[in-house]
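In case you want the letters, here they are:
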Amino acid sequence: MGKFRGWHIVAGIAAMLLAGFVGTAMGLNNTATYMASGVAFVAVSLWVDSRISRRRSAARQPGPDAGVAGPDVGLVLDADASNREG
């Protein structure tokens, strides 16, 4: 059994339940409550998924002090045609 990768689904279901309870307490009809719950599910699950993927990609990349240099300035092409060879 590997790492659990469904946290965005769990968060979406929790948001869906909360939106259902709030919609019912506000007096919305069943259709409006269902639609609001679906929107909450999609929005929260996509948001949590993006936050998790950002955190995972940041953990994989080495920090700025890991010896990774920027682009090589010596390889910049000269825009002046007279300085080109050939």
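A brief look at the structure comes next. Source: prediction; values computed, not measured.

**Considerations on a nonpolar patch on the surface**
So, step 1. On the surface, a cluster of nonpolar side chains totalling about 410 Å² of accessible area is made up of Ile-9, Ile-13, Leu-17 and Phe-21.
So, step 2. Mapping Phe-21 onto the fold places it in helix H1 (residues 7-26).
So, step 3. A relative accessible area of 61% places Phe-21 in the exposed class.

**A closer look at the packing of aromatic side chains**
So, step 1. For the structure on display, the rule yields one aromatic pair.
So, step 2. Taken together, a centroid distance of 5.0 Å and an interplanar angle of 85° make the contact between Phe-4 and Trp-7 edge-to-face.
So, step 3. The exposure class assigned to Phe-4 is partly exposed, which follows from its relative accessible area of 47%.

**A short note on a positive patch on the surface**
So, step 1. The grouping of Lys-3, Arg-5, Arg-56 and Arg-60 at the surface amounts to a positive patch.
So, step 2. Note on placement: Arg-60 falls in helix H2 (residues 30-60).
So, step 3. Since its relative accessible area comes to 67%, Arg-60 is described here as exposed.

**Structural notes on H2**
So, step 1. With 31 residues, H2 should reach 45 Å at 1.5 Å per residue; the first-to-last C-alpha distance of 45 Å fits that figure.
So, step 2. Within H2 the residues assigned to the buried category are Thr-33, Ser-37, Ala-40, Ser-45 and Val-48.
So, step 3. In this structure, the buried side of H2 is in contact with H1.

Thresholds applied
Residues numbered from 1 in each chain as written. Predicted model: local features only at pLDDT ≥ 70, side-chain atom pairs only at ≥ 80, totals over all residues. Heavy atoms only, no water. Patch = residues over 30% accessible without salt bridge, like charges linked within 9 Å, V, L, I, M, F, W, Y side chains within 5 Å. Areas by Shrake-Rupley, 256 points an atom, 1.4 Å probe, with all protein chains shown as cover. Salt bridge = Lys/Arg side-chain N within 4 Å of Asp/Glu carboxyl O. Helix = DSSP H or I, 4+ residues; strand = E, 2+ residues; numbered from the N terminus. Buried < 20%, exposed > 50% of the residue type's maximum accessible area, 1.4 Å probe, protein only. Phe/Tyr/Trp six-rings, centres within 6.5 Å; stacked < 30°, edge-to-face > 60°. Lys, Arg positive; Asp, Glu negative; His and termini not counted. Charge placed at Lys NZ, Arg CZ, Asp CG, Glu CD. Expected span 1.5 Å × (residues − 1). Contact = heavy atoms within 4.5 Å.

Worth remembering: the numbers are spatial, not functional.
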